[in-house]
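Here is how the chains run, residue by residue.
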Amino acid sequence: MPSPALSRRILLLGMTNLFYMPIKKSMASETKNHFAQVEQIFQDAVKTHKTPGAVAAIGHKGRVVWKGVFGQRALVPHPEGMTWDTLFDMASLTKVLITAPAIMQLYERGLVQLDTPVCHYLPEFSGQGKQDITVRQLLTHYSGLPPDLDLSTPWIGRNTAIHMAFSCTPIHPAGEQFVYSDINFILLGLIVEKLSGLTLQDYATQNILKPLGLKRTFFTPIPALYSTIAPTQYDEKGTLLRGIVHDPTTRRMGGVAGHAGLFSCADDMTHYAIALLNKRAGRSSPFPLKAETLVMMSSPQQPVGKTDQRGLGWDIATHYSTPRGDYFPVGSFGHTGFTGTSLWLVPQTDSFVLILTNRVHPYGKGNVVALRHNVASAAALALEQL
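Numbering of residues starts from 1 in each chain and follows the order in which that chain's sequence is written. It should be noted that, the model being predicted, local features are given only for residues of pLDDT at least 70 and side-chain atom pairs only at 80 or more, the latter also being counted only at that level, while totals for whole chains, interfaces and linings use all residues. Hydrogens and waters are ignored; side-chain quantities use all the structure's heavy atoms.

**Q** Go over the pairing of strand 9 (residues 341–346) with me, naming the residues and quoting the values.
**A** Of all 6 residues in strand 9, 6 are buried, a share of seventy percent or more. Residues Thr341, Leu343 and Leu345 line one face of strand 9 and the alternating positions Ser342, Trp344 and Val346 line the opposite face, and both faces are buried. Two strands are said to pair when DSSP picks up at least two bridges between them. Runs of E in the DSSP output that reach at least two residues are strands. Runs of H or I that reach at least four are helices, and both are numbered from the N terminus. Looking at chain direction, strand 8 (residues 333–337) and strand 9 are connected through 5 bridges and run antiparallel. Bridge pairing in strand 9 links Thr336 to Ser342. Two successive antiparallel strands, strand 8 and strand 9, enclose a turn made up of 3 residues, where Gly340 displays a positive phi of approximately 120°. Each residue gets one of three labels from its accessible area relative to the maximum for its type: buried under 20%, exposed over 50%, partly exposed in between, using a 1.4 Å probe on protein chains only.

Next comes the structure, spelled out in structure tokens:
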């Protein structure tokens, strides 16, 4: 039997093709509000209970050209309206916002080589066919490792998770097949900690968040902030998760992991996206990586001959690429989070689409796969009119 986390992932992928609403170019007819169709898509998603609410933004040429706030931040135990400053559980966006750039900072310092086996940095990660898995294969999800740690038993604790990650058995030979795996980024987070001598949380704060000037992006938010955080769903004990990470593996690890655990808001994420695009294009920017590193991270890095295109952390062209929509070009890149978050960046037009939802609230039944696709399609058409 697959683990509960794997079952969730399979269910989500199975629904990918069921909910697309075709976006036709005629929809982008001249109106006073170029983004009226984008707004309608969000309103429909809330009305049909795909998500209780959403905060979203579209950026173009270094500025935010559209913002939207829709629906409710919480439905239970009592309704709360969504607000622009709502904090969200970013889920797997943690991988590309924190862990991948942290690894690439170490790469720039000469402390990590992408094609060096992981066991060189983490000697405990060896045996069972893992000796040839490289850092690049972790970043591109071509390691051959399974999608998740086994959650079928009630284990708890960071050390237990680390032991499970070190001792897991590959399901494919390294480099053979794209399998999206949280274990890959758990291991990358451990490499950051090993080589920096800092916890991942402290490393991220000092080397990514502070240089970018992000004030409301963090792991393990303090209880005083819980009321501003969009709740997700009930845990296995019937407690509504609010300010406590939704991802069950990260939760069992204490709230911080390389694959999930980050909380953030729209202001910080739009700042992050603009800084990344500016630095990638060689413009002035506080983003703490070199332009050529960002180009490499967002260019295909998968093994030769493989058609699932992944950058170093970033998704480019796989079955997860629905936030590209119908019109943004291949070569744009982004990522999604299980809770309902996504960020898609388009260097060709210097644009981005940010969507923040808590679609799992309150019972895990929401679905924003179609929302992401349709918003991106409508956004691309609207940007053509600017």
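Having seen the model, we can carry on.
**Q** Please give an account of the pattern of salt bridges that cites residues and values.
**A** By convention in these notes, a salt bridge is any Lys or Arg side-chain nitrogen within 4 Å of a carboxyl oxygen on Asp or Glu. Overall, the coordinates contain 8 salt bridges when judged by the stated rule. The salt bridge partner of Arg158 is Glu193, with a shortest N-O separation of 2.4 Å. Residue Arg158 is located in helix 5 (residues 158–167), and its partner Glu193 is located in helix 6 (residues 182–196); the two are separated by 35 residues in the primary sequence. Classification of Glu193 as buried rests on a relative accessible area of 14%.

**Q** An account of the nonpolar core is needed here, citing residue identities and associated values.
**A** The definition of a nonpolar core used throughout is a set of buried Ala, Val, Leu, Ile, Met, Phe, Trp, Tyr and Cys residues joined through side-chain atoms within 4.5 Å. Core analysis: the biggest nonpolar cluster contains 79 residues, and Val135, Leu139 and Leu187 have the highest contact counts within it. Per element, the largest residue contribution to this core is 9 residues, and it comes from helix 3 (residues 93–108). Apart from residues no more than four positions distant in its own chain, Leu139 is found in contact with Ala100, Ile103, Met104, Leu114, Phe185, Leu188, Gly311, Leu312 and Gly313. Residues count as neighbours in contact if any of their non-hydrogen atoms are within 4.5 Å of one another.

**Q** Can you explain the confidence of the model for the protein? Please cite residues and give values.
**A** A residue's pLDDT is the confidence the predictor assigns to it, expressed on a 0 to 100 scale. Confidence in the prediction for the protein averages 93 pLDDT; 92% of positions are at 70 or higher. Overall, residues 1–32 carries pLDDT values under 50, and its contacts beyond four positions in sequence, including any with other chains, amount to 59 contacts.

**Q** Describe in detail the packing of helix 3 against helix 7 (residues 200–212), supporting the description with residues and values.
**A** At their nearest, the axes of helix 3 and helix 7 sit 10 Å apart, and the two run at 75° to each other. One element, helix 3, and the other, helix 7, form an angle in the roughly perpendicular class. On helix 7, the residues that touch Leu97, Ile98, Thr99, Pro101, Ala102, Gln105 and Leu106 of helix 3 are Leu200, Tyr203, Ala204, Asn207, Ile208 and Leu209. Ten residue types, Ala, Val, Leu, Ile, Met, Phe, Trp, Tyr, Cys and Pro, are classed as nonpolar, four, Asp, Glu, Lys and Arg, as charged, and the remainder, Gly among them, as polar. Per-class residue counts for the contact of helix 3 with helix 7 are 10 nonpolar, 3 polar and no charged. Note on geometry: axes are C-alpha line fits, over the in-contact stretch for helices, and angles between N-to-C directions span 0 to 180 degrees. For classification purposes, angles smaller than 35 degrees are called roughly parallel, those larger than 145 roughly antiparallel, those between 65 and 115 roughly perpendicular, and all remaining angles oblique.

**Q** How would you sum up the environment of Ile355? Please name residues and give values.
**A** In this fold, Ile355 is placed in strand 10 (residues 351–357). On the basis of relative accessible area, Ile355 is assigned to the buried category, the value being 2%. Between the alpha carbons of Ile355 and Val375 there is a distance of 9.0 Å; along the sequence they are 20 residues apart.

**Q** Requested: an account of helix 6, with residues and values cited.
**A** Note that an α-helix has 3.6 residues per turn; residues three or four places apart therefore point the same way. To estimate how far a helix should extend, the number of its residues minus one is multiplied by 1.5 Å. When the terminal C-alpha atoms of helix 6 are compared, their 21 Å separation across 15 residues agrees well with the 21 Å that a helix rising 1.5 Å per residue should span. Among the 15 residues of helix 6, 12 are classified as buried, and the element is accordingly described as predominantly covered. Structurally, the start of helix 6 carries an N-cap: the backbone nitrogen of Ile183 is 3.1 Å from a side-chain oxygen of Ser181. Immediately beyond the C-terminal end of helix 6, within one or two residues, lies Gly197, with a positive phi of roughly 75°. Contacts described as polar in this section are N or O atom pairs within 3.5 Å, which, within protein, must combine one atom able to donate a hydrogen with one able to accept it, while residues neighboring in sequence count only if both atoms come from side chains.

**Q** So what's going on with unusual backbone geometry? Residues and values would help.
**A** Trans is the prevailing form of peptide bonds, just as negative phi is the prevailing case for residues other than glycine. Cis geometry is found at the peptide bond from Val76 to Pro77, where omega equals 0°. Along the chain, Pro77 turns up in the loop between strand 2 (63–74) and strand 3 (80–81). In this model, His361 is joined to Pro362 through a cis peptide bond whose omega is -5°. Among the secondary structure elements, Pro362 is positioned in the loop between strand 10 and helix 11 (369–384). Not every positive phi belongs to a glycine, and Lys61 is a case in point at roughly 55°. Checked against the element boundaries, Lys61 lands in the loop between strand 1 (53–60) and strand 2.

**Q** Can you tell me about the side chain of Ser299, naming the residues and giving the values?
**A** Within the secondary structure layout, Ser299 lies in the loop between helix 10 (291–297) and strand 6 (309–310). A distance of 2.5 Å separates the side chain of Ser299 from the backbone oxygen of Val295, its partner in a polar contact. Residues in contact with Ser299, not counting those within four places in the same chain, are Arg280, Arg310, Gly311 and Ile316.

**Q** Could you give an account of the state of the cysteines, with specific residues and numbers?
**A** The term disulfide refers to a covalent linkage connecting the sulfur atoms of a pair of cysteines. Cysteine sulfurs are considered disulfide-paired once they come within 2.5 Å of each other. Taken as a whole and judged by the stated rule, the model has 0 disulfides. Cysteine Cys119 is unpaired, with the sulfur of Cys168 as its nearest cysteine sulfur at 13 Å.

**Q** Got a sec to walk through the packing of aromatic side chains? Specific residues and values, please.
**A** The criterion for an aromatic pair is that two Phe, Tyr or Trp rings (for Trp, the six-membered ring) have centres within 6.5 Å, with stacked assigned to planes under 30 degrees apart, edge-to-face to planes over 60 apart and tilted to the rest. Applying the stated criterion across every chain, the model contains 10 aromatic pairs. Ring geometry for Phe42 versus Trp66: centroids 6.1 Å apart, planes at 20°, classification stacked. Of this pair, Phe42 sits in helix 2 (residues 36–47) while Trp66 sits in strand 2, placing them 24 residues apart in sequence. On the accessibility criterion, Phe42 (1% relative accessible area) is buried.

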